[in-house]
Amino acid sequence: MNLSRFASRLRMAEEISKTKVGSSSTASVADSSAAASAATNAAKSRWKILWPNSLRWIPTSTDYIIAAEKRLLSILKTPYVQEQVSIGSGPPGSKIRWFRSTSNESRYINTVTFDAKEGAPTLVMVHGYGASQGFFFRNFDALASRFRVIAIDQLGWGGSSRPDFTCRSTEETEAWFIDSFEEWRKAQNLSNFILLGHSFGGYVAAKYALKHPEHVQHLILVGSAGFSAEADAKSEWLTKFRATWKGAVLNHLWESNFTPQKLVRGLGPWGPGLVNRYTTARFGAHSEGTGLTEEEAKLLTDYVYHTLAAKASGELCLKYIFSFGAFARKPLLQRYVHQKHC
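To start, this report covers the structure provided alongside it. Small disclaimer: the values here were computed from a predicted structure and weren't measured. (Residues numbered from 1 in each chain as written. Predicted model: local features only at pLDDT ≥ 70, side-chain atom pairs only at ≥ 80, totals over all residues. Heavy atoms only, no water.)

**Thoughts on the sheet that holds strand β3 (residues 122-126)**
In step 1: An order of β1-β2-β4-β3-β5-β6 is seen for the six strands of this open sheet, with the pairing classed as mixed. Of all the strands in the sheet, just β1 (80-88) and β6 (216-222) have a single pairing partner and so form its edges. Averaged over neighbouring strand pairs, the angle between their axes works out to 25° when direction is ignored.
In step 2: The pairing of strand β2 (residues 107-114) with strand β4 (residues 148-152) spans three bridges and is classified as antiparallel. Bridging from a neighbouring strand, T113 pairs with I150 of β4.
In step 3: Helix α3 (residues 137-144) rests against β2, β3 and β4 of the sheet, and its axis sits at about 155° to β4.
In step 4: Contacting β1, β2, β3, β4 and β5 (193-198), helix α4 (residues 170-188) crosses the sheet at an angle of about 115° to β1. (Pairing = 2+ DSSP bridges. Helix = DSSP H or I, 4+ residues; strand = E, 2+ residues; numbered from the N terminus. Axes fitted to C-alpha atoms, helices over the stretch in contact; angles between N-to-C directions. Contact = heavy atoms within 4.5 Å.)

**A closer look at helix α2 (residues 62-73)**
In step 1: Between its first and last C-alpha, α2 extends 16 Å over twelve residues, near the 16 Å set by a 1.5 Å rise per residue.
In step 2: Along α2, the residues classified as buried are I65, I66, A68, E69, L72 and L73. For α2, the angular spread of the buried residues around the axis is 165°, confining them to a single face.
In step 3: Those residues of α2 that are buried lie in contact with β1, β2, α3 and α10 (294-309). (Expected span 1.5 Å × (residues − 1). Buried < 20%, exposed > 50% of the residue type's maximum accessible area, 1.4 Å probe, protein only. Arc of directions from axis to C-beta.)

**A word on the pairing of β5**
Along any regular strand the residues' side chains alternate between the sheet's two faces.
In step 1: Counting buried residues along β5, five of its six residues qualify, which places the element largely inside the surrounding structure.
In step 2: As defined by bridge partners, β3 adjoins β5 across four bridges and the pair is classed as parallel. Bridging from a neighbouring strand, L123 pairs with I194 of β5.
In step 3: Once you follow β5 into helix α5 (residues 200-211) and on to β6, the crossover reads as right-handed. (Right-handed = clockwise from strand over helix to strand, strands pointing away.)

**Some details on the pairing of β4**
In step 1: Across the five residues of β4, four count as buried, placing the element largely inside the fold.
In step 2: Here β3 pairs with β4 via five bridges, running parallel. Counterpart to V124 in the pairing with β4 is I150.
In step 3: Between the parallel pair β3 and β4, the chain is carried across by α3, and the sense of this crossover is right-handed.

**Thoughts on the layout of surface pockets**
In step 1: Here the largest pocket is characterised by a volume of approximately 530 Å³.
In step 2: F135, F136, N139, R282 and F283 are, among the 22 residues lining the largest pocket, the residues nearest its centre.
In step 3: The element best represented in the lining of the largest pocket is α3, accounting for four residues.
In step 4: Here the lining of the largest pocket is composed, by residue class, of eleven nonpolar, eight polar and three charged.
In step 5: Here the second largest pocket is characterised by a volume of approximately 270 Å³. (1 Å grid on protein atoms, 1.4 Å probe; cavity = no way out; pocket = protein on both sides within 12 Å on 5 of 7 lines; lining within 4 Å. Points joined across faces, edges and corners; volume = space filled by probe spheres on them. Nonpolar A, V, L, I, M, F, W, Y, C, P; charged D, E, K, R; others polar.)

**Things to note about unusual backbone geometry**
In step 1: Of note in this structure, N189 is not a glycine but carries a positive phi near 55°.
In step 2: Tracing the sequence through the fold places N189 in the loop between α4 and β5.

**Section: α10**
In step 1: An ideal rise of 1.5 Å per residue puts 22 Å on 16 residues; α10 measures up with 23 Å between its terminal C-alpha atoms.
In step 2: The complete set of buried residues in α10 reads E296, L299, L300, T301, Y303, V304, Y305, H306, T307, L308 and A309.

**Some details on the packing of aromatic side chains**
In step 1: Evaluation of the coordinates by the stated rule reveals 19 aromatic pairs.
In step 2: Ring geometry for F181 against W184: centres 5.3 Å apart, planes inclined by 40°, an arrangement best described as tilted. With F181 and W184 both in helix α4 and three residues apart, the pair spans about one turn of that helix.
In step 3: Relative accessible area serves as the criterion here: at 6%, F181 is assigned to the buried category.
In step 4: Judged by its relative accessible area of 0%, W184 falls in the buried class. (Phe/Tyr/Trp six-rings, centres within 6.5 Å; stacked < 30°, edge-to-face > 60°.)

**Quick look at the pattern of salt bridges**
In step 1: Scanning all chains against the criterion turns up ten salt bridges.
In step 2: Residues D179 and K211 are paired through a salt bridge, measuring 3.0 Å at the closest nitrogen-oxygen approach. One end of the pair, D179, is in helix α4; the other, K211, is in helix α5, with 32 residues separating them in the sequence.
In step 3: The class for D179 is partly exposed, based on a relative accessible area of 25%. (Salt bridge = Lys/Arg side-chain N within 4 Å of Asp/Glu carboxyl O.)

**Digging into the packing of α2 against α10**
In step 1: Relative to each other, α2 and α10 sit at 160°, their axes nearing to 9 Å. With respect to α10, the element α2 is oriented roughly antiparallel. Crossing geometry of α2 relative to α10 is assigned as left-handed. Residues Y64, I65, A68, E69, R71 and L72 of α2 lie in contact with α10, whose contacting residues are L299, L300, D302, Y303, H306 and T307.
In step 2: Its residues assigned to classes, the contact of α2 with α10 shows seven nonpolar, two polar and three charged. (Parallel < 35°, antiparallel > 145°, perpendicular 65-115°, else oblique. Left-handed = near helix turned anticlockwise from the far one by under 90°.)

**Some details on a nonpolar patch on the surface**
In step 1: A grouping of W245, V249, L250, L253, F258, L263, L267 and W270 is seen on the molecular surface, where their side chains present a nonpolar patch of about 790 Å² in accessible area.
In step 2: Here the nonpolar patch gets four residues from one element, more than from any other, and that element is helix α7 (residues 245-255).
In step 3: Mapped onto the elements, F258 comes out in the loop between α7 and α8 (260-266). (Patch = residues over 30% accessible without salt bridge, like charges linked within 9 Å, V, L, I, M, F, W, Y side chains within 5 Å. Areas by Shrake-Rupley, 256 points an atom, 1.4 Å probe, with all protein chains shown as cover.)

Any functional reading would require information that these geometric values do not contain.
Next comes the structure, spelled out in structure tokens:
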């Protein structure tokens, strides 16, 4: 009996010892984990001190663009609906221009539609080069009081799809924008609408109206590009400028398809600063009417940065539509006169 009790006590002592060792081991692991976490946080803190905000790259994507768009449009009074309207999908190598890429993902057009009175005429707004529908943000409330306003991001810009740009001629490039817009119109089941285009958007809107006049009730061109040809008398200064070394360099960059957006991307952490100076100048010091409020300027700068810094796509149309000096390779008036006589 004594030996039995001794053996029992011995086993109890061993179990207690194992429990203490296990507890000590668990505590040791927890302490090590806490220490590692503290070290990581300390390293991050040191990194933040050594690498300030002004030197950090700011990520961007379509999701960032849509989020920035929502923040910008949140200051409006008129309710709206944002949607990404599918214009279909196609296999790589498809003859359809915007399907010519390495993927067969669906393409879509970012669209915002504002509430309107029943029976109000539909106004479709198309932005210019290097812009997106958010640039119209100060116009939306006033226009929505009289029209059913629909604003889009053209294919390859803003919050729309950004497929690989594979066009290699003026004809292909025009088809990229005109045909994708027509697919969007079909998806929205629109007809007999008022079409407004600003700057390069005016060029696209005019070309669309010439090709599909049955759908356009009225065409409004606001500061439209595409009317001037290089053969015009006022291009004489350009010929002289090209003869200089500065003109030769700029002309080479143009023909190489070097875009302003590439500069924003290339500047990395300094890109937002450049965009801020641009928005301040364009919509502040050099604009007419009431300047931007501090909140508007902040929201617009953030929005513009993300639209410019995202993947290059539609922006690469530049050299195919215009020659150096922004002269249209196929001016609108020439196209209109030719079509009228055909």
